[in-house]
Amino acid sequence: MPVVEILGLASSTYTRVARMVCEEKQVPYEFNQSPPHSPDVDAIHPFGKVPVMRHGDFELCESKAISTYLDLSFPGPKLIPTEPRHAALTEQWVSLVNTKMDGTLVRSYLFNYVFPKGSDGKPDRTVIDSLVPQLEREIALLDRTVAKGGFLAGDSFTLADINVMPILAHLRNFPESGAAIAAAKSLSAYYDRLAARPSFQNTVPERPQAKAS
Ligand SMILES: N[C@@H](CCC(=O)N[C@@H](CS)C(=O)NCC(=O)O)C(=O)O
C-alpha cells in the first residue's frame, strides 16, 4: 500500500484536520510542508488551497473529502459514524464550522491579528471590535452544544470534533476569543479533554505571531 502524503501548512487549521485524521486512525503518512499556491498544491487543488493529499496515483483536495477518503479506506475508529443520525450530525457540524464559523473566527477575526491590514501595519481595532459580538455568539453556541453530550455531534468523538479543535487552539491565543473561550466552561473543559489526545499533541503547529495592536 503506498504511503499517504498530506501537503499543506502546519499552522493551517484545515491541514491539521487531515493530519489528525491520519493520527486518529493510525494511518502511516508523510507530511510535506507546502504553502497554498505552491506548484504541488496547485497541481491538485483548483484554487491552490491546502491541504491536498496524494495516495499512490490518487490525488485529492478539500479537508472534508480527504477525511472521508481516509475514514473509508483505512481500519481504525470510524470518525464519520455509520448510524445515519449520528453521521448526519457530524456532517452538520463540519458544515456549520466550515461554511460559517471559519469565516468569522479565522478568516475575519484571527487573520486581522496574524495578517494585519491597517495602514500602520497593526490590527484594525474597529474591525476586531465589530466582530466580537458574533465571535461571542459562535463560542456560546459551541459551549451549549458540547455541554449536552460532551462532543460536538452527540456523545462520542467524531470528525466534527477534529474539525473544530485546530480553530479553538488558535483562538485561545488571542485576547477577545481567548477570553470568550475561558468564560465558556463546557467548551474549555471539552478543549482540555480533547487536546490531550495524541492526534492533537502530535500535530501542534508553531504559534502564530500577533502584531502588537
Ligand atoms: N475548503 C477547504 C479550505 C482550505 C483552506 O481555506 N485552506 C487555507 C489554509 S487554512 C488556504 O489554503 N488558504 C489560501 C487561499 O485561500 O488562497 C478545505 O476544507 O480544505
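Quick note: structure is the one above.
Residues numbered from 1 in each chain as written. Predicted model: local features only at pLDDT ≥ 70, side-chain atom pairs only at ≥ 80, totals over all residues. Heavy atoms only, no water.

> Talk me through the sheet that holds strand 3 (residues 52–55); I want residue IDs and the actual numbers.
Here 4 strands make up an open sheet; going across it, the order is 2-1-3-4 and the pairing mixed. Edge strands, defined here as strands with exactly one partner in the open sheet, are strand 2 (29–33) and strand 4 (58–61). With direction set aside, neighbouring strand axes in the sheet form an average angle of 20 degrees. Across 4 bridges, strand 1 (residues 4–8) lies against strand 3 in antiparallel orientation. Bridged to Ile6 within strand 3 is Met53. Sheet strands in contact with helix 1 (residues 13–25) are strand 1 and strand 2, and its direction is about 160 degrees off that of strand 1. With respect to the sheet, helix 3 (residues 63–73) is in contact with strand 1, strand 3 and strand 4, its orientation differing from that of strand 4 by roughly 135 degrees. (Pairing = 2+ DSSP bridges. Helix = DSSP H or I, 4+ residues; strand = E, 2+ residues; numbered from the N terminus. Axes fitted to C-alpha atoms, helices over the stretch in contact; angles between N-to-C directions. Contact = heavy atoms within 4.5 Å.)

> Run through the packing of helix 4 (residues 84–114) against helix 6 (residues 159–171), naming residues and quoting values.
Running from N to C, helix 4 and helix 6 point in directions that differ by 15 degrees, and their axes come no closer than 9 Å. One finds that helix 4 runs roughly parallel with respect to helix 6. Between helix 4 and helix 6 the crossing geometry is left-handed. On helix 6, the residues touching Thr90, Trp93, Val94, Val97, Asn98, Asp102, Leu105, Val106, Tyr109 and Leu110 of helix 4 are Leu159, Ala160, Asn163, Val164, Ile167, His170 and Leu171. Here the residues of the contact of helix 4 with helix 6 are counted per class, giving 12 nonpolar, 4 polar and 1 charged. (Parallel < 35°, antiparallel > 145°, perpendicular 65-115°, else oblique. Left-handed = near helix turned anticlockwise from the far one by under 90°. Nonpolar A, V, L, I, M, F, W, Y, C, P; charged D, E, K, R; others polar.)

> Could you give an account of the packing of aromatic side chains, naming the residues involved and the relevant values?
Inspection of the entire model under this criterion finds 5 aromatic pairs. The interplanar angle of 80 degrees and the centroid separation of 5.5 Å between the aromatic rings of Tyr109 and Tyr113 together place this pair among those described as edge-to-face. Of the two residues, Tyr109 and Tyr113 both sit in helix 4, 4 residues apart, roughly one turn of that helix. Across this residue pair, the class does not change: Tyr109 and Tyr113 are buried. When the ring of Phe111 is compared with that of Phe115, the centres are 5.0 Å apart and the planes differ by 85 degrees; the resulting orientation is edge-to-face. The class for Phe111 is partly exposed, based on a relative accessible area of 28%. One Lys or Arg, Arg19, reaches over the ring of Phe31 and ends 4.0 Å from the middle of that ring. Directly above the ring of Phe151 sits Arg193, whose terminal nitrogen or CZ lies 5.0 Å from the centroid. (Phe/Tyr/Trp six-rings, centres within 6.5 Å; stacked < 30°, edge-to-face > 60°. Buried < 20%, exposed > 50% of the residue type's maximum accessible area, 1.4 Å probe, protein only. Lys NZ or Arg CZ within 6 Å of the ring centre and 35° of its normal.)

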